[in-house]
Amino acid sequence: GKRHVEVSGTNKKEAERKLRHVLNQIESGQYRPDGKKKMFKEYAEEWVEQKKADLKHNTWITYKGQTKRYLLDPDLGLANRKLATIDRPAVMNFKTKLMKNHSHLSNRTINATLILLGSILQSALMDGFITVNAARLVKKLPLEHREMEILTTEEIRKVLDTAKKSDWDLYV
């Protein structure tokens, strides 16, 4: 294949340790010399397009929208990062900025965005671009528990009486 030259370490011992690590990655099929250069934005856009064939149309539209609106928003800190630099603090910072810059979002939507990020990073991990999925290390937000409101017997009677008076088909 193509020759790859990389200078590493401040001394011979450190360079030999790095060489052993790279050789182990090559043997296991995990070495990607271009992995340190791959940008999150580029990878995420490719991932979403590849998912089009695997997902239902509405799910894909949701993923594409969340990716464009949140994950690739340069103000939130991930879009212009190299994949290899996305660590736990970077994901926590993204989550904090997402909550601050998009304060209208529910915890459920923020969690869904973190799960989507986790799926993209999991794919990058499997492709050998990263060694850890940092999104899986960040705690999700608690979901609000809402009690179901049910109609009282009297309210049910009113609904049925109204339906009976206005349109017999609704009542039957």
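See the structure above.
Bear in mind the structure is a predicted one, so any value in this text is a computation, not a measurement.

1. Focus on the packing of aromatic side chains
- If you walk through the whole model with that rule in mind, you get two aromatic pairs.
- Consider the rings of Tyr 43 and Phe 129, whose centres lie 5.5 Å apart with planes at 70°: the pair is edge-to-face. Taken as a pair, Tyr 43 in helix α2 (residues 40–51) and Phe 129 in the loop between α5 (107–126) and α6 (153–166) lie far apart in primary sequence, 86 residues in all. Across the pair, Phe 129 and Tyr 43 agree in class, each one buried.

2. Observations concerning the nonpolar core
- Membership of the largest hydrophobic core comes to 31 residues, with the highest contact counts inside it found for Phe 40, Leu 83, Val 91, Phe 94, Leu 117, Ile 120 and Leu 121.
- No other element matches α5, which puts seven residues into this core.
- Ignoring any residue separated from it by four or fewer positions in sequence, one finds Leu 121 in contact with Phe 40, Leu 83, Ile 86, Ile 130, Asn 133, Ala 134 and Ala 135.

3. A look at helix α3 (residues 57–71)
- Compared with an ideal rise of 1.5 Å per residue, which puts 15 residues at 21 Å, α3 spans 20 Å between its outermost C-alpha atoms and is within 8% of the ideal.
- Restricting attention to buried positions, one finds in α3 the residues Trp 60, Gly 65, Gln 66, Thr 67, Tyr 70 and Leu 71.

Rules of the game
- Residues numbered from 1 in each chain as written.
- Predicted model: local features only at pLDDT ≥ 70, side-chain atom pairs only at ≥ 80, totals over all residues.
- Heavy atoms only, no water.
- Phe/Tyr/Trp six-rings, centres within 6.5 Å; stacked < 30°, edge-to-face > 60°.
- Helix = DSSP H or I, 4+ residues; strand = E, 2+ residues; numbered from the N terminus.
- Buried < 20%, exposed > 50% of the residue type's maximum accessible area, 1.4 Å probe, protein only.
- Core = buried A, V, L, I, M, F, W, Y, C linked by side-chain atoms within 4.5 Å.
- Contact = heavy atoms within 4.5 Å.
- Expected span 1.5 Å × (residues − 1).

Purely geometric numbers; function is a separate question.
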